[in-house]
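Listed below are the residues making up each chain.
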Amino acid sequence: MSSLYQRMPNELRAKIELHGKRVSLVDIAHEALRDAIVTLNLQPAIAVTEVQLANELGVSRSILREAVQRLQADGLVLREGNGRLRISPMSSKDIHDLYAVRSAMEQVAVVEVISRITPEQVESLDETLNQLQRVKELGSPGQIAKAGGALHHLILEIADNAIINQVMDVLRLRIERYRNLSSSSIERPSNSLREHQRIVEAIRCRDIEAARKAIAIHIEASERAALSAFKNNARHAEVSTEA
């Protein structure tokens, strides 16, 4: 495995270089490993060791151990009975369970949004949607996934429902990992953009039923894309193992 530091986003590497003495090393290690897992640079279900990860990041075992504890709370790392670490695996059931809860939460959220949204917030949604379109035309699959996530985050922010936000905060990183997995599909970015456009249009028109239907259709399509990508990756992994 090549250095995790070299695969970190530039802004995270800059944070380490410029603020390493003022930012907690535990925070930096946690953020680096979290991003590597969510962006699939650390593949699901692989076994890793504290020594390996500590050496990759250039931190002590004690700092790495604290970062791993946070990743366990995030649902991204498992510690097995023998003490060995494993990146949390993906599964068809996990996909179904996550997206079922997500659909229920976001359908409630769009209703809340319609009841309270201001003209300024509509403009913010439009701008975020425009950004998604620009990224779709020019960006990488990872950037597209990030831009789509930003639109959903804004919808939840406008809804301002503390319980929904608490639930979604628990699920967010796991959802992002599947979003990154499915965004590599050739068709998914274009389809996703159209789905997001329908969501924003329904909110702009304050059409509750259309908004709930649009968000449900979008999340169902996202689930299918994640499931298809997961199955394809699983088949490739089996072929690589046999080879």
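Structural data are supplied above this passage.
Residues numbered from 1 in each chain as written. Predicted model: local features only at pLDDT ≥ 70, side-chain atom pairs only at ≥ 80, totals over all residues. Heavy atoms only, no water.

### Section: the overall build of the chain
Then comes step 1: For the chain, the helix and strand inventory stands at 11 helices and 3 strands.
Then comes step 2: Along its sequence from the N terminus, the chain presents helices and strands in the succession α-α-α-β-α-α-β-β-α-α-α-α-α-α.
Then comes step 3: With 243 residues in all, the chain has 42% of them scored as buried.
Then comes step 4: Across the chain, the fraction of contacts at a sequence separation of at least 24, relative to all contacts at a separation of at least 6, is 75%.
Then comes step 5: When the accessible surface of the chain is totalled, it reaches about 12,800 Å², and 52% of it is carbon and sulfur. (Helix = DSSP H or I, 4+ residues; strand = E, 2+ residues; numbered from the N terminus. Buried < 20%, exposed > 50% of the residue type's maximum accessible area, 1.4 Å probe, protein only. Contact = heavy atoms within 4.5 Å. Areas by Shrake-Rupley, 256 points an atom, 1.4 Å probe, with all protein chains shown as cover.)

### A short note on the packing of helix 8 (residues 141-159) against helix 10 (residues 188-204)
Then comes step 1: Look at helix 8 against helix 10: their axes get within 11 Å of each other, and the N-to-C directions meet at 15°. Between helix 8 and helix 10, the angle falls in the class roughly parallel. In terms of crossing hand, the pair formed by helix 8 and helix 10 is left-handed. For the pair helix 8 and helix 10, contact is made by Ile144, Gly148, Leu151, His152 and Ile155 and by Pro189, His196, Ile199, Val200 and Ile203, respectively.
Then comes step 2: When its residues are assigned to classes, the contact of helix 8 with helix 10 shows 7 nonpolar, 3 polar and no charged. (Axes fitted to C-alpha atoms, helices over the stretch in contact; angles between N-to-C directions. Parallel < 35°, antiparallel > 145°, perpendicular 65-115°, else oblique. Left-handed = near helix turned anticlockwise from the far one by under 90°. Nonpolar A, V, L, I, M, F, W, Y, C, P; charged D, E, K, R; others polar.)

### Examining helix 7 (residues 119-138)
Then comes step 1: For helix 7, spanning 20 residues, the distance from its first C-alpha to its last is 29 Å, which sits close to the expected 28 Å at 1.5 Å a residue.
Then comes step 2: Among the residues of helix 7, Val122, Leu125, Thr128, Leu129, Leu132 and Val135 are the ones counted as buried. On an axial view of helix 7, the arc spanned by its buried residues comes to 145°, and they lie on one face. Residues Pro119, Glu120, Glu123, Glu137 and Leu138 are exposed on helix 7 and point more than 90 degrees away from its buried face.
Then comes step 3: In this fold, the buried residues of helix 7 make contact with helix 8 and helix 10. (Expected span 1.5 Å × (residues − 1). Arc of directions from axis to C-beta.)

### Describing the sheet that holds strand 1 (residues 47-48)
Then comes step 1: On the basis of which strands lie adjacent, the open sheet formed by 3 strands has the order 1-3-2 and antiparallel pairing. Both edges of this open sheet fall to strand 1 and strand 2 (77-79), since each of them pairs with a single strand only.
Then comes step 2: Relative to strand 3 (residues 85-87), strand 2 runs antiparallel, the two being bridged by 3 bridges. Bridge pairing in strand 3 links Val77 to Ile87. (Pairing = 2+ DSSP bridges.)

### Observations regarding the nonpolar core
Then comes step 1: By size, the foremost hydrophobic cluster in this structure holds 41 residues, and its most contacted members are Leu125, Tyr178 and Ile203.
Then comes step 2: The set of elements that each furnish at least two residues to this core consists of helix 6 (92-116), helix 7, helix 8, helix 9 (162-182), helix 10 and helix 11 (208-242).
Then comes step 3: With 8 residues, helix 8 is the largest single contributor of residues to this core.
Then comes step 4: Aside from chain neighbours lying at most four places away, what touches Leu125 is Ile117, Leu151, Leu154, Ile155, Ile158, Val200 and Ile203. (Core = buried A, V, L, I, M, F, W, Y, C linked by side-chain atoms within 4.5 Å.)

### Some points on the side chain of Glu106
Then comes step 1: With respect to the element layout, Glu106 can be found in helix 6.
Then comes step 2: Note on Glu106: relative accessible area 2%, which makes it buried.
Then comes step 3: Here the side chain of Glu106 touches Arg102 through a polar contact of 2.9 Å, side chain to side chain.
Then comes step 4: Every residue in contact with Glu106, bar those within four places of it in the chain, is listed here: His152, Met168, Ile215 and Ile219. (Polar contact = N/O pair within 3.5 Å; in protein donor to acceptor, adjacent residues only side chain to side chain.)

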